[in-house]
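Structure at a glance
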Amino acid sequence: MQLTEIRIAGFGGQGVILSATILGRAASIYQGLFATMTQSFGPEARGGASSAQLILSESPILYPYVTQPDILVVMSQEACTRFMPELKDGGILIVEQDLVRISALKPNTRVFSVPATRLAEELGKRMILNSVMVGFFTGVTQLLDRDAVARAVADSIPPSLRDLNLKAFSKGLDYGLSQSATVAGGEFEDVAYLED
Amino acid sequence: MKADPQAVLTGTHFLDGDKACCEGAIAAGARFAAGYPITPATEIVERFASRIPSVGGTFIQMEDELAASIVLQGAVWGGAKAFTVTSGPGFSLMMEHIGYAAMTETPCVFVDVQRGGPSTGLPTLPAQADMMQARWGSHGDYEIIALCPNSPQECFDLTIRAFNLAEEFRAPVMFMMDEVVGHMTEKVVIPAADQIEITPRRFTHRSKFEYLPYGTNGDMVPDFVPTGQGYKFHMTGLTHDERGYPNMTPQAQDQLVRRLQKKIRAAAARITFFEEEGTENAEVIVISYGITSRVAQRAVELGRARGLKIGKFRLITAWPFPDEQIRRLALHAKALVVPELNLGQMVREVERAAAGLCPVISVPHAGGGVHRTDDILSALVEVMP
C-alpha cells in the first residue's frame with residue numbers, strides 16, 4: 001500500500017476518533033502495516049467539532065499529520081465544508097448522506113454516500129453509527145482486509161456492545177459493497193467545483 | 001531484576017504516547033503517581049488511575065502541581081517508585097520540588113508533555129520549548145537527566161529507561177514528551193515481563209548503627225535507607241553532610257554540590273543515548289529530537305533523493321548534552337542544522353559543543369504545529385556548500 005492519508009471528521013459523540021482508531025488498529029496490528037493516528041477536538045465532550053487523521057503505509061510514517069487526504073469521511077455539514085478543500089484531486093469522499101449536503105466538490109472526486117445514522121437506528125442504537133461507517137469505509141475503499149477490520153472492531157468495543165457493533169459493521173460493509181462511486185463532474189446538481 | 005509479569009501488559013497494542021508512557025511506568029515498577037490534570041498530559045495518569053488498582057498501587061489527584069511534585073517524593077522515601085505528569089504551566093510550578101529531589105537525591109520521574117507557551121499558551125498543541133527549563137528550571141547548581149521520545153513505542157521504552165536511570169543515579173529524571181507524541185496513536189509492542197530489565201532500588205547493607213544516609217561507596221551515589229526497619233535518618237533541602245544533617249560550610253557545599261553534578265557528568269558517555277545515520281560522509285547534518293526528528297528525517301530523505309549528502313543525528317538524551325558527539329560531527333561537517341519547536345534552545349548547546357568548528361543553523365518554529373518538511377529541507381539546501 002502506498003502512503004494513504006485519511007481524514008475522518010464530524011461531531012464529538014459520533015465516534016469519529018474511535019472509527020480512526022479501529023481502522024488504524026486493523027492496519028497496524030492485523031495487517032502488518034504502519035499506521036499513525038492523530039486527533040483534534042474542541043473542548044466540548046459532545047456536539048463540538050471532532051476530527052481524526054489516519055495515515056497508513058507499508059513503510060514507517062515520519063510526518064505525523066495528514067497534508068492532503070486521499071480519503072475524506074465526513075459526518076457533519078461543518079466537517080464537509082471545512083475539509084473538502086484539502087481533499088486530493090481524484091480522492092474519495094465518504095458522506096453521511098442524511099447529515100451532509102454536498103455543496104462543493106474537488107474535480108474527479110469519487111463520492112460514496114451512506115445513511116449511517118439511519119442504518120444504526122434500524123439496529124436499535126444510534127450510537128453505533130461509527131461501526132456502520134467503518135464497515136462502509138471497508139466496503140467501498142477496499143483498502144483494508146474486512147476480517148482485520150472486524151477483529152479491530154471487536155477489540156475496540158466493550159463486550160456488552162460487541163455483537164451489536166459487529167452487526168453494524170456488517171451492515172455498513174454490505175451497504176458499501178453494493179454501492180458504486182458517483183464521480184464528480186455532471187451527476188451533482190448545484191455543486192461548485194473547487195480548484196486545487 | 002525483571003519486570004513484574006502481573007503488571008506488564010504484554011502484547012501488541014494501538015496506543016497513544018500518553019497511554020504508552022503510563023504502561024512504561026507501570027512496567028518499570030511505578031506504584032505511585034500523583035498529578036494535577038492538565039492537557040495534554042492528563043491521559044497518562046487517567047490510565048494509571050484505572051490500571052493501578054489491579055496491579056496494586058496508588059494514584060492521588062493532588063490540589064495542585066506543587067503538591068503533586070512533593071507527595072511523590074514522600075512515596076519514594078516510603079519505598080515506592082513514583083512519578084508525576086504535567087505540561088508547561090504545571091512544570092513551572094514543579095521547579096522548586098525538582099530541585100528538592102536533586103538535593104535530597106530522590107529517584108523519581110517528571111513527565112512533561114510539552115505544549116505551546118509561555119503561560120497557558122496552547123493547551124492542545126505542541127511545542128518543545130521547555131527544554132532549557134528541564135535543565136535549569138530549579139535554582140542552584142545541579143545536573144539533570146532528560147530523555148526525548150519521538151513515538152508512542154519510545155514513550156513506553158524510554159519511560160522504563162527513565163525510571164532505571166532515576167534509580168541508578170538517585171536523581172529526578174525529566175521525560176520530555178510533546179503534544180504530538182503524547183496524542184499520536186501507533187502500534188506499541190510491549191514485551192514479556194522477563195524481557196524488561198528493571199533497576200531495583202539500591203538499599204544499604206550496613207547496619208542501622210553504621211549507615212550514613214548520604215555516605216557513598218566510591219561511586220558517588222549513596223545507598224538508600226530501607227524504610228520501616230529501624231533506620232533513623234534525616235533529610236533536608238539544606239546543604240547537608242553524609243549524616244543528612246545541615247552543614248552550612250563552604251566545604252560541605254562544595255563536597256555535596258560537586259558530587260550531585262559529578263555523579264551524572266562522569267557517566268555522561270554511558271547515558272547520552274542518540275541515533276545517528278549517514279553522518280560519516282555528510283556535508284550537512286541535521287540535529288533534532290522528539291517529534292521534530294521525524295519531520296527532519298522526512299526532509300533528510302527528500303534531500304538525499306535530490307543527491308544531497310545529509311546526515312541525521314537524533315538526541316534521545318537531551319541532558320546531559322552529548323558534547324563529544326556533537327563536537328565530532330562539527331569537526332567534519334560543513335554545517336549543523338537544528339530544527340526545533342521553539343525559537344532556539346538546544347541549538348545553543350549545539351553551538352557551544354561545536355565551538356566554532358562549523359556554522360550552526362537554527363530552524364525555529366514557535367510551536368502550535370510541527371515544521372513543514374519544506375522548511376527544514378530548504379534550510380538544508382541553503383547551507384549546502
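Residues numbered from 1 in each chain as written. Chains lettered and ligands numbered in written order. Predicted model: local features only at pLDDT ≥ 70, side-chain atom pairs only at ≥ 80, totals over all residues. Heavy atoms only, no water.

Now for the overall build of chain B. Regarding its fold elements, chain B presents 13 helices and 15 strands. Seen through its C-alpha atoms, chain B measures out along the principal axes to roughly 70 × 50 × 40 Å. In chain B, buried positions account for 59% of the 385 residues. Residue pairs at least 24 apart in sequence account for 78% of intrachain contacts in chain B once pairs closer than 6 positions are excluded. Split by element, the accessible area of chain B, about 14800 Å² in all, is 52% carbon and sulfur. (Helix = DSSP H or I, 4+ residues; strand = E, 2+ residues; numbered from the N terminus. Buried < 20%, exposed > 50% of the residue type's maximum accessible area, 1.4 Å probe, protein only. Contact = heavy atoms within 4.5 Å. Areas by Shrake-Rupley, 256 points an atom, 1.4 Å probe, with all protein chains shown as cover.)

Moving on, we get to the overall build of chain A. When its secondary structure is counted, chain A shows six helices and nine strands. A globule of 196 residues ought to have a C-alpha radius of gyration of about 16 Å, and chain A, at 15 Å, matches this closely. Taking the principal axes of the C-alpha coordinates as reference, chain A spans close to 45 × 40 × 35 Å. By residue count, 54% of the 196 residues in chain A fall in the buried class. In the form shown here, chain A has an accessible surface area of approximately 8300 Å², with 49% of it arising from carbon and sulfur atoms. Between the centroid of the 16 positive side chains of chain A and the centroid of its 21 negative side chains there is a distance of 7 Å. (Rg over C-alpha atoms; globule rule 2.2 N^0.38 Å. Lys, Arg positive; Asp, Glu negative; His and termini not counted. Charge placed at Lys NZ, Arg CZ, Asp CG, Glu CD.)

As a further point, take the interface of chain B and chain A. Tallying the contact residues gives 21 residues for chain B and 16 residues for chain A. When the two sides are added together, the surface that chain B and chain A hide from each other amounts to roughly 1500 Å², 63% of it contributed by carbon and sulfur. Seen at the junction of chain B and chain A, the total is zero salt bridges. Along the contact surface separating chain B from chain A lie six residue pairs in polar contact (both at pLDDT 80 or more). Counting only elements with at least two residues in the side of chain B that touches chain A, the list comes to β1 (11-16), α7 (179-183), β9 (185-190) and α10 (290-305) of chain B. Tallying contributions element by element places α10(B) first for the side of chain B that touches chain A, with six residues. (Buried area = accessible area lost by both parts, 1.4 Å probe. Salt bridge = Lys/Arg side-chain N within 4 Å of Asp/Glu carboxyl O. Polar contact = N/O pair within 3.5 Å; in protein donor to acceptor, adjacent residues only side chain to side chain.)

Residue and element names in this part refer to chain B. Formed by 71 residues in total, the largest nonpolar core has its most connected members in Ile-44, Phe-83, Val-111 and Phe-175. The element that contributes the greatest number of residues to this core is helix α6 (residues 152-169), accounting for nine residues. Composition of this core by domain shows at least three residues from each of domain 1 (11-195) and domain 2 (275-383). Discounting residues that sit within four places of it in the chain, Ile-44 has contacts with Asp-18, Cys-21, Cys-22, Phe-83, Val-85, Val-111, Val-113 and Met-177. Among the nonpolar cores identified, the runner-up in size contains 55 residues, and Ala-101, Tyr-214, Tyr-289 and Leu-329 belong to it. (Core = buried A, V, L, I, M, F, W, Y, C linked by side-chain atoms within 4.5 Å. Domains from an automatic or database assignment.)

Let us look at the domain arrangement of chain B. Residue and element names in this part refer to chain B. On domain assignment, one finds that chain B holds domain 1 (11-195) and domain 2 (275-383). In this structure, domain 1 and domain 2 have C-alpha centres spaced 26 Å apart. Taken together, the 27 residues of domain 1 in the interface contact 23 residues of domain 2. Between domain 1 and domain 2, roughly 2000 Å² of surface is buried when both sides are summed, and carbon and sulfur atoms account for 57% of that area.

A pair of packed helices can be characterised by two numbers: the angle between their axes and the separation between those axes. Residue and element names in this part refer to chain B. Closest axis-to-axis distance for the α10/helix α13 (residues 373-383) pair is 8 Å, and the angle between their directions is 55°. Here α10 lies oblique to α13, going by the angle between them. Here α10 runs over α13; the crossing is right-handed. Packed against α10, whose contacting residues are Val-295, Ala-296, Arg-298, Ala-299, Leu-302 and Gly-303, the element α13 presents Thr-373, Ile-376, Leu-377 and Leu-380 at the interface. In terms of residue class, the contact of α10 with α13 is built from seven nonpolar, two polar and one charged. (Axes fitted to C-alpha atoms, helices over the stretch in contact; angles between N-to-C directions. Parallel < 35°, antiparallel > 145°, perpendicular 65-115°, else oblique. Left-handed = near helix turned anticlockwise from the far one by under 90°. Nonpolar A, V, L, I, M, F, W, Y, C, P; charged D, E, K, R; others polar.)

This next bit is on the sheet that holds strand β15 (residues 360-364) of chain B. Residue and element names in this part refer to chain B. The strand order across the open sheet built from five strands is β10-β12-β11-β14-β15, with neighbouring strands paired in mixed fashion. Two strands in the sheet have a free side with no partner beyond their single neighbour: β10 (274-277) and β15. Direction aside, neighbouring strands of the sheet carry axes that sit 20° apart on average. Where α13 meets the sheet, its contacts fall on β11 (284-288), β12 (310-315), β14 (335-340) and β15, and the angle it forms with β14 comes to roughly 165°. (Pairing = 2+ DSSP bridges.)

Let us look at the pairing of strand β1 (residues 4-11) of chain A. Residues and elements named next belong to chain A. Burial runs high along β1: seven of the eight residues are buried. In terms of strand pairing, β1 meets strand β3 (residues 49-57) through eight bridges, oriented antiparallel. Note on β3: the bridge partner recorded for Phe-11 is Ala-49. Pairing analysis gives four bridges linking β1 to strand β4 (residues 71-74), with the strands arranged parallel. When the bridges of β4 are listed, Ile-8 appears paired with Val-73.

On to the state of the cysteines. Residue and element names in this part refer to chain B. Taken as a whole and judged by the stated rule, the model has zero disulfides over all chains. For the unlinked cysteine Cys-22, the closest cysteine sulfur is that of Cys-21, found at 7.2 Å. No disulfide involves Cys-155; its sulfur sits 6.2 Å from that of Cys-21, the nearest cysteine. (Disulfide = S-S within 2.5 Å.)

Moving on, we come to the pattern of salt bridges. Charged atoms that come close allow side chains of opposite charge to pair. Residue and element names in this part refer to chain B. Summed over all chains, the structure comprises 29 salt bridges over all chains. Put simply, Arg-31 and Asp-4 hold a salt bridge, and the shortest N to O gap is 4.0 Å. Of the two residues, Arg-31 sits in strand β2 (residues 30-35) while Asp-4 sits in the segment before β1, which places them 27 residues apart along the sequence. Judged by relative accessible area, which is 30%, Asp-4 ranks as partly exposed. Note that Arg-314 and Glu-154 form a salt bridge whose closest N and O atoms lie 2.6 Å from each other. On the criterion of sequence distance, the pair formed by Arg-314 in strand β12 and Glu-154 in helix α6 is long-range, its members being 160 residues apart. Classification of Arg-314 as buried rests on a relative accessible area of 2%.

Attention now moves to the packing of aromatic side chains. In this description, an aromatic ring pair is defined by two values, namely the gap between the centres and the angle between the planes. The final tally for this structure, using the stated rule, is ten aromatic pairs over all chains. Between Tyr63(A) and Tyr65(A), the aromatic rings sit 6.4 Å apart at their centres with planes inclined by 75°, giving edge-to-face as the arrangement. Its relative accessible area of 17% is what places Tyr63(A) among the buried residues. Here Trp319(B) and Phe321(B) contribute two aromatic rings whose centre-to-centre distance is 6.3 Å and whose plane-to-plane angle is 50°, an arrangement assigned as tilted. You'll find Trp319(B) and Phe321(B) in the same group, each marked buried. Through pairs of rings, three or more aromatic residues link up here, namely Trp77(B), Phe203(B), Phe224(B) and Phe233(B). The residue whose ring lies beneath Arg161(B) is Phe273(B), and the NZ or CZ to ring-centre distance is 4.0 Å. Its guanidinium or amino end placed over the ring of Phe224(B), Arg201(B) lies 4.9 Å from that ring's centre, counting from NZ or CZ. (Phe/Tyr/Trp six-rings, centres within 6.5 Å; stacked < 30°, edge-to-face > 60°. Lys NZ or Arg CZ within 6 Å of the ring centre and 35° of its normal.)

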